[in-house]
Amino acid sequence: MVTEKLYYQDRYMRSFTARLQKSDRDEKGHFYVILNQTAFYPTGGGQPHDTGTLNGVNVYDVVEIDGEVRHYIEEPAEIHEAYIGEIDWNRRFDHMQQHTGQHILSAAFEEEFNYKTVSFHLGAEICSIDLEVESLPDEETAHVEKTVNNIIMENRPVETRWVSKEELSNFSLRKEVSVVDNIRLVIIPNFDYNGCGGTHPDSTGQVSSIKILHWEKQKKKKIRVYFVSGMRVLKQLDEKHKVIQELTNTLNSPQQDLNETAIRNLRLNQGLEKKVNELNMEMIEYEAESYIEQAESQINWKIAKAIFYDRPMPELQQLAKRITAKSDGILVLLINEKGDKLQLVCSRSNDVVINMNDLVKNTLPVIDGKGGGSDSIAQGGGDRLISAEELMMELMNQAAGFKNE
């Protein structure tokens, strides 16, 4: 049941009529139909599948298996004398623009600098090619971008031709074809000759334009070049212009000065953050002195304890460290209530013989918590199954148990 591929006869075909050959489910239980002919392009050759409808039912995936084109539909197919297919033309033409844009871009990189394309990805928003090269100077990408857009403005024809394996020697192919029968070439005369099964417009002018967005290094000495073609160029321009306009308003700076203004503001921010951190450390130093003065005297040591609400854990850890650094014979028990969670930090000075890791781990089960640390400082957290005051009492009891050992 080989499906006749109408998209090769006319890639501009937006609707067609066909007969049902098979209706079934695949191994995952998804419904699909096979028709005697179709204009739906299946996923292949780097180009995503078409979408659309069959007799009003959504077609969400199209794949080819052994010559049969499966149309995956959202509900079981009803028996009809004829099936009317409607292609999502905007999606199809976008894929035609992106795919042909890739052919032109890859050919230009190879023609101008002998950089070969080793892979291609046609994404939903952005496309990319991987070049077999270690570096890519800005002036080379600028040159290639100018070249490809000149090819587009010249409105050169984009031809397709079916050839035999023996006829391939008549063409200067960019890469070897992957099939030996039914070989299809996509040709931009005197510029690009490429084996390809995808859909393409009749001329380069219909690609409209190509914009290289950026590039980045990949593993194995490759460069990935990100680009867009056709209507996606306008979409990128619109999105980026809106972002720039918002930034000009936010930073109160004209477009040409945005980078300099952003750098100046970042440096100012970094300076402010540094000052805030310094002030915060000063505050923690004063706090540490205060908690040492208020520490409760026990038989063998003093206990500095406190309950906080929504305080960052790094601050509690720093506070606990400063208290034990400033005082001998002191045990620090800090609890923080954060929403429906309880957190705790416990530390000791060097002359207090209690293992903080054991203290925390012995206490955490009452709040179904996790945590740990060293023998001198440990922390953890869990659910607020009891109050912060009850958790403090549990810590005190656990500490007393160590004292009595």
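Computed from a predicted model, the values in this text were never measured in an experiment. Position labels on residues start from 1 in each chain and follow its written sequence. Only residues with pLDDT of at least 70 get local features here, since the model is predicted, and only at 80 or more are side-chain atom pairs given and counted; chain-wide, interface and lining totals rely on the full set of residues. As a rule here, side-chain values cover all heavy atoms of the structure and leave hydrogens and water aside.

1. Looking at the sheet that holds strand 7 (residues 57-65)
Strand pairing requires that DSSP identify at least two bridges connecting the strands. Strands are runs of DSSP state E lasting at least 2 residues, helices are runs of H or I lasting at least 4, and numbering of each runs from the N terminus. The strand order across the open sheet built from seven strands is 2-9-6-7-8-4-3, with neighbouring strands paired in antiparallel fashion. The outermost strands of the open sheet, each flanked by one partner alone, are strand 2 (15-18) and strand 3 (20-25). In this sheet, adjacent strand axes meet at a mean angle of 35° when their direction is disregarded. Where strand 6 (residues 52-54) and strand 7 come together, three bridges link them in antiparallel fashion. Residue pairing in the sheet places Thr53 in a bridge with Asn58 of strand 7. To define axes, lines are fitted to C-alpha atoms, for helices over the stretch in contact only, and angles between the resulting N-to-C directions are given on a 0 to 180 degree scale.

2. Looking at the packing of helix 5 (residues 258-293) against helix 6 (residues 313-326)
Running from N to C, helix 5 and helix 6 cross one another at 55°; their axes reach a closest spacing of 9 Å. Between helix 5 and helix 6, the angle is such that the two are oblique. Crossing angle aside, the handedness with which helix 5 passes helix 6 is right-handed. Residues Asn280, Met281, Ile284, Glu285, Glu287, Ala288, Glu289, Tyr291 and Ile292 of helix 5 form the contact with helix 6, whose own contacting residues are Glu315, Gln318, Leu319, Arg322, Ile323 and Lys326. For the contact of helix 5 with helix 6, the class distribution of residues is seven nonpolar, two polar and six charged. Each angle receives one of four descriptions, namely roughly parallel if under 35 degrees, roughly antiparallel if over 145, roughly perpendicular if within 65 to 115, and oblique otherwise. Less than a right angle of anticlockwise turn of the near helix away from the far helix marks a crossing as left-handed, whereas a clockwise turn marks it as right-handed. In what follows, a contact means two residues having at least one pair of non-hydrogen atoms within 4.5 Å. Following the grouping adopted for this structure description, the nonpolar residues are Ala, Val, Leu, Ile, Met, Phe, Trp, Tyr, Cys and Pro, the charged ones are Asp, Glu, Lys and Arg, and the polar ones are all others, Gly among them.

3. Structural notes on the nonpolar core
The biggest cluster of nonpolar side chains holds 28 residues, and the ones touching the most others in it are Ile104, Leu105, Phe109, Ile129, Leu131 and Val225. Mapped by element, the contributors of at least two residues to this core are helix 2 (89-113), strand 10 (117-122), strand 11 (127-131), helix 3 (138-153), strand 13 (183-188), strand 15 (210-218) and strand 16 (222-229). Among the elements that line this core, the one with the most residues is helix 2, at five residues. Apart from residues no more than four positions distant in its own chain, Phe109 is found in contact with Asn114, Tyr115, Ile129, Leu131, Leu136, Thr141, Val144, Ile212 and Val225. The nonpolar core is taken to be a set of buried Ala, Val, Leu, Ile, Met, Phe, Trp, Tyr and Cys residues, with the residues joined through side-chain atoms within 4.5 Å. Relative accessible area decides the class of each residue, using a 1.4 Å probe on protein chains only: under 20% of the type maximum gives buried, over 50% gives exposed, and in between gives partly exposed. Formed by 23 residues, the second largest nonpolar core is a distinct cluster that contains Val352, Ala388, Met392 and Ala399.

4. A look at the packing of helix 2 against helix 3
Pairs of packed helices are described in terms of their axes, by the angle between the two and the distance that separates them. It is at 9 Å that the axes of helix 2 and helix 3 come closest, and there the two elements cross at 125°. In terms of orientation, helix 2 lies oblique with respect to helix 3. Remark: the crossing between helix 2 and helix 3 carries right-handed chirality. Of the residues in helix 3, those touching helix 2 at Ile104, Leu105, Ala108, Phe109, Glu112 and Phe113 are Glu140, Thr141, His143, Val144, Thr147, Val148, Ile151 and Ile152. Its residues assigned to classes, the contact of helix 2 with helix 3 comprises nine nonpolar, three polar and two charged.

5. Here's the deal with the sheet that holds strand 13
Reading across the sheet, the three strands line up as 12-13-14 and stay open at both edges, with antiparallel pairing between neighbours. Lying at the two open borders of the sheet, with one neighbouring strand each, are strand 12 (159-163) and strand 14 (192-195). On average, each strand axis in the sheet is tilted by 25° relative to the strand beside it, whichever way the strands run. Pairing of strand 12 with strand 13, which is carried by five bridges, proceeds in the antiparallel orientation. Within the sheet, the bridge partner assigned to Thr160 lies in strand 13 and is Val186.

6. What to know about the side chain of Asn36
Residue placement: Asn36 occurs in the loop between strand 4 (31-35) and strand 5 (37-38). Its relative accessible area of 14% is what places Asn36 among the buried residues. We define a polar contact as two N or O atoms separated by no more than 3.5 Å, with the added condition that, inside protein, one atom must be a possible hydrogen donor and the other a possible acceptor, whereas residues neighbouring each other in sequence contribute only through side-chain atom pairs. Within the structure, the side chain of Asn36 is placed 2.7 Å from the backbone nitrogen of Arg19, a separation counted as a polar contact. For Asn36, the contacting residues outside a window of four places in its chain are Val2, Thr3, Glu4, Ala18, Arg19 and Gln21.

7. Notes on the environment of Thr199
Mapping Thr199 onto the fold places it in the loop between strand 14 and strand 15. Distance from Thr199 to Leu237, taken between C-alpha atoms, is 26 Å for residues 38 residues apart in sequence. Non-local contacts of Thr199, meaning those with residues more than four positions away in its chain, are made with Tyr7, Arg11, Tyr41, Gln47, Arg92, Met96 and His99. Among the polar contacts made by the side chain of Thr199, one reaches the side chain of Gln47 at a distance of 2.8 Å.

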